[in-house]
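Below, each chain spelled out in residue letters.
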Amino acid sequence: MKPAPFSYVRPATVDEALAVLAADPHAKVLAGGQSLVPLLSMRLAQPSTLVDINGLAALASVRTDESGVRIGALARHRQVEADADAWRAQPLLRQALRLVAHPTIRNRGTTLGSVVHADPAAEMPAVVALLGAHVVAASVAGRREVAAADLFVGPLESSLRPDELALELVVPACPPRTGTAIDEVARRHGDYAMCGVAAVVSVGPSGAIETVRAAYLAVSPTPHVLDLSEAFVDGTASERNLDAAAEIASGALDPDSDIHGTADYRRHLAGVLTRRVVRDASARAAAAEPEGAAR
Ligand SMILES: Cc1cc2nc3c(=O)[nH]c(=O)nc-3n(C[C@H](O)[C@H](O)[C@H](O)COP(=O)(O)OP(=O)(O)OC[C@H]3O[C@@H](n4cnc5c(N)ncnc54)[C@H](O)[C@@H]3O)c2cc1C
């Protein structure tokens, strides 16, 4: 199918982009196009204007300091994945990006576009919700910060207004003695997951587990974040504690059935993956060694 007719604008400045968005409430931003273009082709989205931001080169940055990683609206998944400073500051970024689609899609799709697109089956919304990231958004009225916890409203629905352009994603650095991990089950490698789980585990100076948090994708309309610390009161990632964490996760989630899997199967996957990622993240926290540098 072909898209419905639309006007096309390629602004040379952010202010120009904001002016077009302010003037047309049915305009849409085009970043990597990896989600929007298929929606246009199927006529599931019919914007009157496409505001192509690919000329705004200043938004193609990935900048890292001790507080975290700032990812511009035009930074492609692949660019963030390959950035060694970003990986050192927050290893979960690279760990998760490796699971996003295929390399060809990661070469074009943007990390911030994925967050704003708010697909509940996508990896990055769950990751930013887990890490307490925020988005810097701009409109002609000014700039504001939107915490990830307030960003995801429903499937493919974020709390950004139609006149807003997301400029930057700000992801906090991984604190010392903290480990991260993510894993998922998909029908084929690169497909959207039937269930995915990301975890952040922090340990104390003695190596004992202090906090365990996990985020779930593809099992709820928006990313679902759980605090699993209560399963680890003795500070170890013992089989018994991992079982308890898996049980908390399976019990807390209420997934839907679809053609790819039943609700019960997804709940089962959530438990299995919780065990796996919490075990991996706690091993990394104890070793204080992030995974994902080589390749
Ligand atoms: C075959 C295929 C498989 C895929 N598999 C996966 C997968 O397994 N996991 C996964 O996470 N993703 C997957 N994707 C999606 C991919 O990761 C996209 O890159 C991502 O969803 C959107 O980024 P984009 O830059 O392409 O955004 P676009 O497609 O350009 O835009 C998506 C939406 O976000 C809005 N938007 C984008 N940027 C901004 C901005 N700066 N400000 C305001 N609004 C903005 C657009 O208006 C649009 O509504 C897949 C895509 C394809 C085609």
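Here is what the cut-offs are and how they apply
- Residues numbered from 1 in each chain as written.
- Predicted model: local features only at pLDDT ≥ 70, side-chain atom pairs only at ≥ 80, totals over all residues.
- Heavy atoms only, no water.
- Salt bridge = Lys/Arg side-chain N within 4 Å of Asp/Glu carboxyl O.
- Helix = DSSP H or I, 4+ residues; strand = E, 2+ residues; numbered from the N terminus.
- Buried < 20%, exposed > 50% of the residue type's maximum accessible area, 1.4 Å probe, protein only.
- Expected span 1.5 Å × (residues − 1).
- Contact = heavy atoms within 4.5 Å.
- Pairing = 2+ DSSP bridges.
- Axes fitted to C-alpha atoms, helices over the stretch in contact; angles between N-to-C directions.
- Near = heavy atom within 4 Å.
- Polar contact = N/O pair within 3.5 Å; in protein donor to acceptor, adjacent residues only side chain to side chain.
- Areas by Shrake-Rupley, 256 points an atom, 1.4 Å probe, with all protein chains shown as cover.
- Core = buried A, V, L, I, M, F, W, Y, C linked by side-chain atoms within 4.5 Å.

Trainee: How should I be thinking about the pattern of salt bridges in this particular structure?
Mentor: Where charged atoms from two side chains of opposite charge come close, those side chains can pair. Tallied over the entire structure, the rule returns 16 salt bridges. Arginine 88 is paired through a salt bridge with aspartate 85; the nearest N and O atoms lie 3.1 Å apart. Of this pair, arginine 88 and aspartate 85 both sit in helix H4 (residues 84-89), three residues apart, roughly one helical turn. Owing to a relative accessible area of 52%, arginine 88 belongs among the exposed residues under this scheme. A relative accessible area of 44% means that aspartate 85 is categorised as partly exposed. Note that arginine 275 is salt-bridged to aspartate 243, the shortest N-O span being 2.8 Å. Pair noted here: arginine 275 is in helix H11 (residues 263-287) and aspartate 243 is in helix H10 (residues 239-252), with a separation of 32 residues, a long-range link. When salt bridges with common partners are traced through the structure, they connect Arg144, Arg161, Asp163 and Glu164 into a single cluster.

Trainee: I'm lost on H10 in this one. Help?
Mentor: Structural remark: α-helix, 3.6 residues per turn; residues separated by three or four positions point the same way. For H10, with 14 residues, the first-to-last C-alpha span of 20 Å sits near the 20 Å given by 1.5 Å per residue. Buried-residue contacts for H10 involve strand E13 (209-217), strand E14 (224-227) and H11.

Trainee: How do you make sense of the sheet that holds strand E3 (residues 49-52) when you look at a structure like this?
Mentor: Backbone-to-backbone hydrogen bonds pair the strands of a sheet. The strands run either parallel or antiparallel. Sheet architecture is open: three strands sit in the order E1-E3-E2, paired in parallel fashion. Each of the sheet's edge strands pairs with one partner strand only, and the pair in question is strand E1 (7-9) and strand E2 (27-30). The average undirected angle you get between the axes of adjacent strands in this sheet is 25°. In this structure, E2 lies alongside E3, joined through four bridges in parallel fashion.

Trainee: Help me understand the sheet that holds strand E11 (residues 178-186) in this model?
Mentor: Read from one edge of the open sheet, four strands run E11-E12-E13-E14, paired in antiparallel fashion. Of all strands in the sheet, those bounded by a partner on one side alone are E11 and E14. When strand polarity is set aside, the average angle formed by the axes of neighbouring strands in this sheet is 15°. Of the strand pairs in this sheet, strand E12 (residues 193-203) and E13 are connected by eight bridges, and their pairing is antiparallel. If you follow valine 200 over to E13, its bridge partner there is arginine 213.

Trainee: Explain the site of the ligand here, please?
Mentor: The environment of the ligand is formed by 29 residues, the closest being Val29, Gln34, Ser35, Leu36 and Thr110. Threonine 110 has a polar side-chain atom sitting 2.6 Å from an oxygen atom of the ligand. Calculation on the ligand without its partners gives an accessible area of 960 Å², and the protein chains cover 89% of this total. Contributions of two or more residues to the shell around the ligand are made by E2, helix H7 (111-117) and strand E10 (165-172). Tallying contributions element by element places H7 first for the shell around the ligand, with four residues.

Trainee: What is the right way to look at the pairing of strand E4 (residues 62-65) in this model?
Mentor: Where E4 lies against strand E5 (residues 68-72), four bridges are found, and the strand directions are antiparallel. Residue pairing across strands places valine 62 opposite isoleucine 71, the latter belonging to E5.

Trainee: What exactly am I supposed to notice about the nonpolar core here?
Mentor: The nonpolar side chains of soluble globular proteins are, as a tendency, buried together. By size, the foremost hydrophobic cluster in this structure holds 58 residues, and its most contacted members are Ile71, Val115, Met124, Phe152 and Leu169. In terms of residue count, helix H8 (residues 123-131) provides more of this core than any other element does, seven residues in total. Among residues more than four places away in sequence, those in contact with methionine 124 are Leu93, Ala96, Leu97, Val100, Thr111, Ser114 and Val115. Counting 27 residues, the second-largest nonpolar core is a separate cluster that includes Leu242, Ala245, Leu253 and Leu273.

Trainee: Whenever I open this one, unusual backbone geometry confuses me. Can you help?
Mentor: Keep in mind that most residues, glycine aside, have a negative phi and that most peptide bonds are trans. Here leucine 156, not a glycine, exhibits a phi torsion of approximately 60°, which is positive. Its place among the elements puts leucine 156 in the loop between strand E8 (152-154) and strand E9 (157-158).

Trainee: Where do I start with the pairing of strand E6 (residues 134-139) in this structure?
Mentor: Remark: a regular strand shows side chains that alternate across the two faces of the sheet. Within E6, six of the six residues are buried, which leaves it mostly tucked inside the rest of the structure. On E6, burial covers both faces: His134, Val136 and Ala138 on one face and Val135, Ala137 and Ser139 on the other are all buried. Relative to strand E7 (residues 142-147), E6 runs antiparallel, the two sharing six bridges. Along E7, the bridge assignment pairs alanine 138 with arginine 143. In textbook terms, the turn of a hairpin is the stretch between consecutive antiparallel strands, and for E6 and E7 this stretch comprises two residues. The pairing of E6 with E10 spans five bridges and is classified as antiparallel. In the strand pairing of E10, histidine 134 is matched with valine 170.

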